Amino acid sequence: MKKILYSATKPTGDLTIGNYLGAIKNWIKLQDEYDCYFCIANLHAHTVDLSADFVKTKTMKQFAMFLACGLDPEKSIIYVQSQVKEHSELCWLLNCNTMMGEANRMTQYKDHVAKGEKGLTTALFTYPVLMAADILLFNTNIVPVGEDQVQHVELTRDIANRFNNRFGATFVVPKAVVPKVGARIKGLLNPQAKMGKSGDDVNNMILLEDSDEVIVKKVKRAVTDSLNQIKFDEENQPGVSNLLTIISACEGKEIEDVVKELEGLGYGALKNRTAEAIISVLKPIREKYEYYLSHEDELMEIMKKGAKKAEVVAKETLERAKQNMGLL
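Residues numbered from 1 in each chain as written. Predicted model: local features only at pLDDT ≥ 70, side-chain atom pairs only at ≥ 80, totals over all residues. Heavy atoms only, no water.

Right, let's talk about the overall build of the protein for a bit. Counting secondary structure elements, the protein contains 14 helices and five strands. Computed over the C-alpha atoms, the radius of gyration of the protein is 21 Å, within 12% of the 20 Å expected from 2.2 N^0.38 for a compact globule of 328 residues. For the protein, the spread of C-alpha atoms along the three principal axes comes to 75 × 45 × 40 Å. Per-residue burial for the protein yields a buried fraction of 49% across its 328 residues. A separation of at least 24 residues holds for 74% of the contacts in the protein among residues at least 6 apart in sequence. Total accessible area on the protein stands at roughly 16200 Å², and carbon and sulfur atoms take up 50% of it. Averaging the positions of the 42 positive and the 44 negative side-chain charges in the protein gives two centres separated by 3 Å. (Helix = DSSP H or I, 4+ residues; strand = E, 2+ residues; numbered from the N terminus. Rg over C-alpha atoms; globule rule 2.2 N^0.38 Å. Buried < 20%, exposed > 50% of the residue type's maximum accessible area, 1.4 Å probe, protein only. Contact = heavy atoms within 4.5 Å. Areas by Shrake-Rupley, 256 points an atom, 1.4 Å probe, with all protein chains shown as cover. Lys, Arg positive; Asp, Glu negative; His and termini not counted. Charge placed at Lys NZ, Arg CZ, Asp CG, Glu CD.)

Below, the structure is given as structure tokens:
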């Protein structure tokens, strides 16, 4: 029997080549190893001030992009969080079993407070409890997360153990796994920092939906250096090293081999090769993505089926929790 894996992303930005090469590409392989749940966590998106149209549009686009990248609704359960109401109800039950001190220590909330942000909501404060509900609803064994999210899974484990001790065996206690990251893609204009899916300058990132022409323009503007040598040296040549990493990940070659193939050539050749490598990977993904966006009825039907499959398991878990708590 396969173990259960759960992963979720917020629809707060457009997915980049960094997201694909660093994580999504690995998810596609995991579908054969685990029973996977992939969630578009749109309830989490509203912990900050975003418009309804923004969240709706990003949710649709991200769902379509998941399918285009190769997440398979026949192998995995791919769904939108708000379409499975059990998330919200279980969150309340778990709030009743979470200590204020625990929630107060979570970095998500502390970071916003440290920045002096105004208008912070209670949703932001209890964000990790909703995340715990997301995970526990599906009897999850494995949660692949980045280092910054391990703390939230540890809280989930604490809540699950406390609940089980207080009300009897109810939840599977999950384990956080920091997967071997795929390619660590950095920003084109700021190669010292990772390429995120949100930021001030779109020229710093390659979006999965970018056209061939836009990809070429962005790569041409990528930061290199004045050394004029193609060498993998992240400390002294971070920009050049980032472009080599992208080529290596897109072409499935060792970085050393890419360096040899480009030996004696200039940065113009390096950038041309980088753009070609990215286009070869993203073009078929973009075509599928555009298909799903232009066939909204089909996209919504896949979304609906995924939510129904998720709901079956979520209902069982929620009813077990309510019964054990003595809720009629």
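All right, on to the environment of Ser248 then. Here Ser248 is to be found in helix 11 (residues 238-251). Through-space distance from the C-alpha of Ser248 to that of Val258 is 6.8 Å; in sequence the pair is 10 residues apart. When neighbours within four sequence positions are excluded, Ser248 is seen to be in contact with Lys253, Glu254, Ile255 and Val258. Among the polar contacts made by the side chain of Ser248, one reaches the main-chain carbonyl oxygen of Lys253 at a distance of 2.5 Å. (Polar contact = N/O pair within 3.5 Å; in protein donor to acceptor, adjacent residues only side chain to side chain.)

What follows deals with the state of the cysteines. Taken as a whole, this structure holds zero disulfides when the rule is applied. This cysteine, Cys36, is not joined by any disulfide, and Cys39 carries the nearest cysteine sulfur, 13 Å off. No disulfide involves Cys250; its sulfur sits 12 Å from the nearest other cysteine sulfur, which is in Cys69. Of the residues examined, Cys250 reaches a relative accessible area of 14% and is grouped as buried. (Disulfide = S-S within 2.5 Å.)

Counting through the fold element by element, Thr140 comes out in the loop between helix 8 (127-136) and strand 4 (142-144). Since its relative accessible area comes to 0%, Thr140 is described here as buried. Not counting residues within four places of it along the chain, the set of residues in contact with Thr140 comprises Ile4, Leu5, Tyr6, Ile135, Val172, Val173 and Pro174.

Before going further, it helps to examine the packing of aromatic side chains. The relation between two aromatic rings is expressed through the spacing of the ring centres and the mutual angle of the planes. This model, assessed by the stated rule, comprises eight aromatic pairs. Ring geometry for Tyr6 and Phe138: centres 5.8 Å apart, planes at 10°, overall stacked. One end of the pair, Tyr6, is in strand 1 (residues 4-9); the other, Phe138, is in the loop between helix 8 and strand 4, and 132 residues separate them in sequence. Taken as a pair, Tyr6 and Phe138 share a single burial class, namely buried. An aromatic cluster is defined as three or more aromatic residues linked by ring pairs; in this entry it consists of Tyr6, Tyr37, Tyr79 and Phe138. (Phe/Tyr/Trp six-rings, centres within 6.5 Å; stacked < 30°, edge-to-face > 60°.)

Bringing the packing of helix 4 (residues 86-95) against helix 8 into the picture now. A pair of packed helices can be characterised by two numbers: the angle between their axes and the separation between those axes. Direction vectors running N to C along helix 4 and helix 8 enclose 120°, while the axes themselves pass 8 Å from each other. Remark: the crossing between helix 4 and helix 8 carries right-handed chirality. Listed contacts from helix 8 to His87, Leu90, Cys91, Leu94 and Asn95 of helix 4 are Val129, Leu130, Ala132, Ala133, Asp134 and Leu136. Counted by class, the contact of helix 4 with helix 8 contains eight nonpolar, two polar and one charged residues. (Axes fitted to C-alpha atoms, helices over the stretch in contact; angles between N-to-C directions. Left-handed = near helix turned anticlockwise from the far one by under 90°. Nonpolar A, V, L, I, M, F, W, Y, C, P; charged D, E, K, R; others polar.)

Right, let's get into the nonpolar core. General note: in soluble globular proteins, nonpolar side chains tend to be found buried as a group. One finds Ile17, Phe63, Leu270, Ile278 and Leu282 to be the most contacted residues of the largest nonpolar core, which totals 59 residues. In terms of residue count, helix 13 (residues 267-294) provides more of this core than any other element does, 11 residues in total. Apart from residues lying up to four places away in sequence, Ile278 is in contact with Ile17, Ile206, Ile215, Val219, Ile246 and Cys250. Counting residues in hydrophobic clusters, the runner-up holds 38 residues, among them Ala41, Ala133, Ile135 and Ala314. (Core = buried A, V, L, I, M, F, W, Y, C linked by side-chain atoms within 4.5 Å.)

What follows deals with unusual backbone geometry. Non-glycine residue Asn139 carries a positive phi angle of around 55°. By the secondary structure assignment, Asn139 is in the loop between helix 8 and strand 4. Despite not being glycine, Asn228 shows a phi value in the positive range, around 55°. Along the polypeptide, Asn228 turns up in the loop between helix 10 (212-220) and helix 11.

This part is about the packing of helix 11 against helix 13. Running from N to C, helix 11 and helix 13 cross one another at 35°; their axes reach a closest spacing of 9 Å. For helix 11 against helix 13, the interelement crossing comes out left-handed. Here Val240, Leu243, Leu244, Ile246, Ile247, Cys250 and Glu251 of helix 11 lie close against helix 13, whose contacting residues are Tyr267, Leu270, Lys271, Arg273, Thr274, Ala277, Ile278 and Val281. Each residue belonging to the contact of helix 11 with helix 13 can be placed in one class, and the counts come to 11 nonpolar, one polar and three charged.

Looking now at the pairing of strand 3 (residues 77-80). Of the two faces of strand 3, the one holding Ile77 and Tyr79 and the one holding Ile78 and Val80 are both buried throughout. As paired elements, strand 2 (residues 35-40) and strand 3 share four bridges and run parallel to each other. Bridge pairing in strand 3 links Ile40 to Val80. (Pairing = 2+ DSSP bridges.)

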